Every structure is written in C-alpha cells, then in structure tokens.
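Report on the structure
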Amino acid sequence: MDRQLQTWLTETAYYKTPSSITSAGVETFGAAVSFLCRTELRNNYHGPMFMPRAGEDTEHMHLLFTTTNVPDNARVWLPGDSNADNTLAKKIRNKETVRDEEGAVSHYEIYI
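This text gives an overview of the structure that appears in the document. (Residues numbered from 1 in each chain as written. Predicted model: local features only at pLDDT ≥ 70, side-chain atom pairs only at ≥ 80, totals over all residues. Heavy atoms only, no water.)

1. As for the overall build of the protein chain
- Along the backbone of the protein chain there are one helix and nine strands.
- Counting from the amino terminus, helix and strand elements in the protein chain follow one another as α-β-β-β-β-β-β-β-β-β.
- A fraction of 51% describes how many contacts in the protein chain between residues 6 or more apart in sequence connect residues 24 or more apart.
- Total accessible area on the protein chain is roughly 7,000 Å²; 48% of this is exposed by carbon and sulfur atoms. (Helix = DSSP H or I, 4+ residues; strand = E, 2+ residues; numbered from the N terminus. Contact = heavy atoms within 4.5 Å. Areas by Shrake-Rupley, 256 points an atom, 1.4 Å probe, with all protein chains shown as cover.)

Have a look at this one:
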C-alpha cells in the first residue's frame, strides 16, 4: 500500500452487513466492523456520477477513501456516528476499486 495514502486514513468508520429480516420486515445487521478511512463531503453540482435511486439526494454525498473492501450490501456509519444507532446507517451508492500501476488494488472509493 502507498505510504502517503496510509497517512491520510486517519478516521474510523464502521460497517455492518445485513444478517436477516424480521417478520415485521425490519432489516437486522451483524456485528460492527471498524475500518480506517478518509472522508470528504462532496457537492455534486454537475449531475450524478451514477444513476441514483428514486428520491435520493444527489446534491450532497460523502466519499470515503479506504483500503478495506467494504461489502456492497453493507450499511456504513460515518466517523463520529454511533454504530449502535441504525438510523444513522448509510447505504453505499457506488464503490470504485482503484488500482496502482502494476494492477494491484490500491484503495477503494465509496460514495454514500
């Protein structure tokens, strides 16, 4: 991993993967997993970089840089948010794998 990139990953976020759905239709999650990241708030004034789901706000989003391959179906808690509060969980809108010059995975960019 790039040493400079590693120095930028100073924040701790969490993710949980869905484990089941209750009889009432409420999604439940597994244990929280912490990961290091860098978080940036992005204002998307030039249109979405990907197709949003109906009703989603595409004007504002967070971009997380991390070396952890967070599962696509996971819910993410931003740095500073309590992962005990499921109402703060964010769905992943898009995830990109960034590769280095040799083709190895350098890091992931996660849009939420």
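2. A short note on the packing of aromatic side chains
- Summed over the entire model, instances satisfying the criterion amount to two aromatic pairs.
- An angle of 50° between the planes, with centres 5.9 Å apart, marks the rings of Tyr15 and Phe35 as tilted. Remark: Phe35 occurs in strand β4 (residues 33-43) and Tyr15 occurs in strand β1 (residues 11-16); sequence separation between them is 20 residues.
- Taking 6.3 Å as the distance between ring centres and 85° as the angle between the ring planes, the aromatic pair formed by Phe29 and Trp77 counts as edge-to-face. With Phe29 in strand β3 (residues 27-29) and Trp77 in strand β6 (residues 75-77), the pair connects residues that are 48 residues apart, well separated along the chain. By the burial criterion, Phe29 is buried, and Trp77 matches it. (Phe/Tyr/Trp six-rings, centres within 6.5 Å; stacked < 30°, edge-to-face > 60°. Buried < 20%, exposed > 50% of the residue type's maximum accessible area, 1.4 Å probe, protein only.)

3. Re the environment of Val33
- By the secondary structure assignment, Val33 is in strand β4.
- Judged by relative accessible area, which is 35%, Val33 ranks as partly exposed.
- In the structure, Val33 is positioned 20 residues away from Ala13 in sequence and 8.4 Å away in space, judged by C-alpha atoms.
- In this structure Val33 touches Ala13, Tyr14 and Tyr15, once residues within four positions along its chain are discounted.

4. Considerations on the pairing of strand β8 (residues 94-99)
- Sheet analysis places β8 next to strand β9 (residues 105-111), joined by six bridges and oriented antiparallel. Bridging from a neighbouring strand, Lys95 pairs with Ile110 of β9.
- Between the antiparallel neighbours β8 and β9 lie five residues, among them Gly103 with a positive phi of about 95°. (Pairing = 2+ DSSP bridges.)

5. Some thoughts on the nonpolar core
- Formed by Ala13, Tyr15, Phe35, Cys37, Leu64, Val70, Ala74, Val76, Leu78, Ile92, Ile110 and Ile112, the largest nonpolar core amounts to twelve residues.
- Listing elements by their share of this core, those giving two or more residues are β1 and β4.
- Setting aside its immediate chain neighbours within four residues, Leu78 contacts Thr39, His62, Leu64, Lys90 and Ile112. (Core = buried A, V, L, I, M, F, W, Y, C linked by side-chain atoms within 4.5 Å.)

6. A closer look at the pattern of salt bridges
- Tallying each qualifying case throughout the model produces three salt bridges.
- For Asp72, the salt bridge goes to Lys95, with nearest N and O atoms at 3.2 Å. Taken together, the residues span a long stretch of sequence, with Asp72 in the loop between β5 (60-66) and β6 and Lys95 in strand β8 at a distance of 23 residues.
- For Lys95, a relative accessible area of 22% corresponds to the partly exposed category. (Salt bridge = Lys/Arg side-chain N within 4 Å of Asp/Glu carboxyl O.)

7. Focus: the pairing of strand β2 (residues 18-21)
- Sheet topology places β2 next to β3; three bridges connect them, and they run antiparallel. From the neighbouring strand, Pro18 faces β3, where its bridge partner is Phe29.
- What sits between β2 and β3 in their antiparallel hairpin is a turn of five residues, with Gly25 showing a positive phi close to 85°.

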